Amino acid sequence: MDVKEWFEENRRINSLLRDKDVNEPEKKIYDREKIKALWTQCDNCTTMLYVQFLKEDKSICKECGHYLKMNSSDRIELLIDHGTWCPMDENMYAIDVLSEEDEDSHSDSNPDLDQEEPYKDHIISSQIETGLPDAIQTGIGKLNGIPIALGVMDFKFMGGSMGSVVGEKITRLIEYATENSLPVIMVCASGGARMQEGSFSSMQMAKIASALYIHQKEKKLLYISILTSPTTGGVTASFGMLGDIIIAEPKAYIAFAGKRVIEQTLGQVIEDFQVTENLFDHGLFDLVVSRDILKGVLSDPFWFYGLYK
Ligand SMILES: [Zn+2]
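Predicted model, so just to flag it, every value in this text is computed and none were measured.

## Some words on the overall build of the protein
- A tally of helices and strands in the protein yields 13 helices and nine strands.
- Burial statistics for the protein: of 309 residues in total, 30% are counted as buried.

Structural data, given as structure tokens:
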């Protein structure tokens, strides 16, 4: 079905919905949402893509080869053998610590901050939208028969930002892997530390790095980080770049400070240099791996580390 046919089909279904039972408004909304969820648009070439086929294509646009953002559940499906995924810490939720402290200490609030959606509400709307408690899924599963500890960030949940829940779940995953001698794989997709949690989010960088130090240096266990687009800020500055093996997806946006921030600081326009291929040429990663062969490539280091029996 091409774009023109899709628009015609959409118009036809919409008119059917309008004409159908007008006494069931809730059903109509549900049906329209369902239709909307069937198609998505490529960020690069704007081609309309059928979601079901896109999933089979590993979220790679068949028209231009652009890598669309993958949600964490699709990532897990991509990397973990069917029926072997065991999630961890599924019931860990963030609380709005800073605003509670603020309410205790200040009676008058900042009118600028009042205009933004409160953090508590932002968390709830992201949870409804994604069906996840926070911006990461962690757990244990098998990758081509090898047990691994896997953490997958989800950019759809508040830009994959790293707050106290994300930090704690990653730390617990690494500690579990250290205790049980499992390799850790982290799939990064994040806008950086979660601003709404202030220093609580910055603290997570050091906490995760400490857990990784024990895992890698003291226990001599393997940690692989996979950087997808975008990986920025506190995630790049901590566990994103601490992998024994660092793998990046092609054409991914990977940075510490974003382009806009650098331009504002320097007062000049800069080129788009924060992409995988350019950074790879400057030695930031070990491998650039296409998404469709990623699972197979990840098996190789396990041979070197003697994890295949
Ligand atoms: Zn495209």
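## Here we look at the sheet that holds strand E5 (residues 146-153)
- Spatially, the seven strands line up as an open sheet ordered E3-E4-E5-E6-E7-E8-E9, and their pairing is mixed. The sheet is open, and its two edges are formed by strand E3 (86-88) and strand E9 (287-288), each paired on a single side.
- Bridge count between strand E8 (residues 245-248) and E9: two bridges; the pairing is parallel. Paired with isoleucine 247 across the bridge in E9 is leucine 287.

## Here's the deal with unusual backbone geometry
- Serine 229 connects to proline 230 through a cis peptide bond whose omega is -10°.
- Even without being glycine, lysine 220 reaches a positive phi, approximately 55°.
- Its place among the elements puts lysine 220 in the loop between helix H9 (199-218) and strand E7 (223-231).

## Re the pairing of E7
- The buried fraction of E7 is high, at nine of nine residues.
- In the classification by handedness, the crossover that spans strand E6 (residues 184-190), the intervening H9 and the parallel E7 is right-handed.
- Where E7 lies against E8, four bridges are found, and the strand directions are parallel. Note on E8: the bridge partner recorded for leucine 227 is alanine 248.

## Brief notes about helix H7 (residues 119-130)
- End to end, H7 covers 16 Å across twelve residues, agreeing with the expected 16 Å (1.5 Å per residue, within 8%).
- Count one or two residues on from H7 and you reach glycine 131, which has phi positive near 75°.

## Here's the deal with helix H4 (residues 72-79)
- Turning to H4, its buried residues number three or more, namely Ser72, Arg75 and Leu79. Buried residues of H4, seen end-on, are gathered within an arc of 55° and therefore sit on one face of the element.
- Where H4 is buried, its residues meet strand E4 (136-143), E5, E6 and helix H13 (294-304).

## Here we look at the nonpolar core
- Ranked by size, the top nonpolar core spans 49 residues in total, and within it Met153, Val184, Ile185, Val187, Cys188 and Ile226 carry the most contacts.
- Put simply, the parts of the chain that give this core at least two residues each are H7, E4, E5, helix H8 (164-179), E6, H9, E7 and E8.
- What valine 187 contacts, discounting residues up to four positions off in sequence, is Arg75, Val152, Met153, Ile226 and Thr228.

## Re the pairing of E6
- Along E6, seven of the seven residues are buried, which leaves the element largely enclosed by surrounding structure.
- Along E6, one buried face is formed by Val184, Met186, Cys188 and Ser190 and the opposite face, lined by Ile185, Val187 and Ala189, is buried too.
- With four bridges joining them, E5 and E6 adopt parallel strand pairing. Residue pairing in the sheet places alanine 149 in a bridge with valine 184 of E6.

## Points about the environment of glycine 192
- Its location among the elements puts glycine 192 in the loop between E6 and H9.
- A residue is classified by how many C-beta atoms lie within 10 Å of it, and glycine 192, with 25 of them, is buried.
- When residues no more than four places from it in sequence are discounted, the contact partners of glycine 192 are Ser161, Met162, Thr232, Gly233, Gly234 and Val235.

## With respect to the environment of glutamate 90
- Looking at the secondary structure, you find glutamate 90 in the loop between E3 and helix H5 (97-105).
- The class of glutamate 90 is exposed, set by 11 C-beta atoms lying within 10 Å.
- A C-alpha to C-alpha distance of 9.7 Å links glutamate 90 and isoleucine 136, two positions 46 residues apart in sequence.

## Here's the deal with the confidence of the model for the protein
- Residues at a pLDDT of 70 or more form 83% of the protein, whose mean pLDDT is 87.
- Here residues 20-30 is modelled with pLDDT under 50, and outside its nearest four sequence neighbours on either side it reaches one contact, counting other chains as well.
- Confidence drops under pLDDT 50 across residues 107-113; counting only partners more than four residues distant or on other chains, this segment forms one contact.

## Comments concerning the packing of H8 against H9
- The interhelical angle for the contact between H8 and H9, taken along N-to-C directions, is 5°, at an axis separation of 9 Å. Judged by the inter-axis angle, H8 sits roughly parallel to H9. Residue-level inspection shows Ser164, Val166, Gly167, Ile170, Thr171, Ile174, Glu175, Ala177 and Thr178 of H8 in contact with H9, the latter providing Phe200, Ser201, Gln204, Lys207, Ile208, Ala211, Leu212, Ile214 and His215.
- When grouped by side-chain class, the residues that make up the contact of H8 with H9 number nine nonpolar, seven polar and two charged.

Rules behind the numbers
Residues numbered from 1 in each chain as written. Predicted model: local features only at pLDDT ≥ 70, side-chain atom pairs only at ≥ 80, totals over all residues. Helix = DSSP H or I, 4+ residues; strand = E, 2+ residues; numbered from the N terminus. Buried ≥ 20, exposed ≤ 12 C-beta atoms within 10 Å, placed from the backbone. Pairing = 2+ DSSP bridges. Right-handed = clockwise from strand over helix to strand, strands pointing away. Expected span 1.5 Å × (residues − 1). Arc of directions from axis to C-beta. Contact = placed C-beta atoms within 7 Å. Core = buried A, V, L, I, M, F, W, Y, C linked by C-beta atoms within 7 Å. pLDDT = per-residue confidence, 0-100. Axes fitted to C-alpha atoms, helices over the stretch in contact; angles between N-to-C directions. Parallel < 35°, antiparallel > 145°, perpendicular 65-115°, else oblique. Nonpolar A, V, L, I, M, F, W, Y, C, P; charged D, E, K, R; others polar.

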